[in-house]
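# Examining the three-dimensional arrangement
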Amino acid sequence: MIVTMGIRIAPAGVADFHQVLADHARYWGERDLRALHLLALVQEFGSTCLVARAEDGIRGYVFGFVTPEGTGYVHLIATRDDARGTGLGRRLYAAFAEAAHRHGARRLKAITSVTNTGSIAFHRSLGFAVKIVDDYDGQGRTMAVFERDPAVPFPAP
């Protein structure tokens, strides 16, 4: 568990997962991404599914896992609307990188749509290399694919 500025970053539990879904709009606004939230990730990869908790609830989360080939894959990362711009997303990524590295990750990876310019800028600011890959998520589904070394420290906000 990591505690900074009254926010504890710790493994997510089932109750945390349900709270994130209940507060979905606070993290994702109008985009309905509930179908991407998989309880099995929290159940099976609990040490790499993390929540940032404060007195007023969950301010952010990252759900990810480590593949047998040593890739720490971030499936979802989000910060609550009132926590954006505070460096919390960066701290969540750093905590995920530490957990993934402990589980043998030799690289970090994430993907997003090529139209998600905010996510692309965020990942670039964290030192991720980005490649645009045609048909990555099916025919006609071009995606931005991010990769970086988990052992390299994340830049300060």
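Our subject is the structure listed above.
Residues numbered from 1 in each chain as written. Predicted model: local features only at pLDDT ≥ 70, side-chain atom pairs only at ≥ 80, totals over all residues. Heavy atoms only, no water.

## Concerning the pattern of salt bridges
- Evaluated as defined, the whole model comprises 9 salt bridges.
- We note a salt bridge from aspartate 82 to arginine 26, for which the minimum N-O separation is 3.4 Å. Of the two residues, aspartate 82 is situated in the loop between β5 (71–79) and α4 (88–102) and arginine 26 in helix α2 (residues 24–28); the sequence distance between them amounts to 56 residues.
- A relative accessible area of 44% means that aspartate 82 is categorised as partly exposed.
- Of the charged contacts in the structure, one is a salt bridge between aspartate 137 and arginine 141, with a shortest N-O distance of 3.3 Å.
- The class of aspartate 137 is partly exposed, set by a relative accessible area of 39%.
- Residue classification places arginine 141 among the partly exposed residues on the basis of a relative accessible area of 44%.
- One network of salt bridges, in which partners are shared, links Arg26, Asp56, Arg59, Arg80, Asp81 and Asp82. (Salt bridge = Lys/Arg side-chain N within 4 Å of Asp/Glu carboxyl O. Helix = DSSP H or I, 4+ residues; strand = E, 2+ residues; numbered from the N terminus. Buried < 20%, exposed > 50% of the residue type's maximum accessible area, 1.4 Å probe, protein only.)

## Looking at α4
- Along its 15 residues, α4 runs 21 Å from first to last C-alpha, staying within 8% of the 21 Å computed at 1.5 Å per residue.
- Within α4, 11 of the 15 residues are buried, which leaves the element mostly enclosed by the surrounding structure.
- For α4, every residue scored as buried is listed here: Leu88, Gly89, Arg90, Arg91, Leu92, Tyr93, Ala95, Phe96, Ala97, Ala99 and Ala100.
- The positive-phi residue at the C-terminal boundary of α4 is glycine 104, with phi of around 95°. (Expected span 1.5 Å × (residues − 1).)

## Some words on the pairing of strand β6 (residues 107–113)
- The pairing of β5 with β6 spans 3 bridges and is classified as parallel. For glycine 72, the partnering residue across the bridge sits in β6 and is leucine 108.
- The handedness of the β5 to β6 crossover, carried by α4, is right-handed. (Pairing = 2+ DSSP bridges. Right-handed = clockwise from strand over helix to strand, strands pointing away.)

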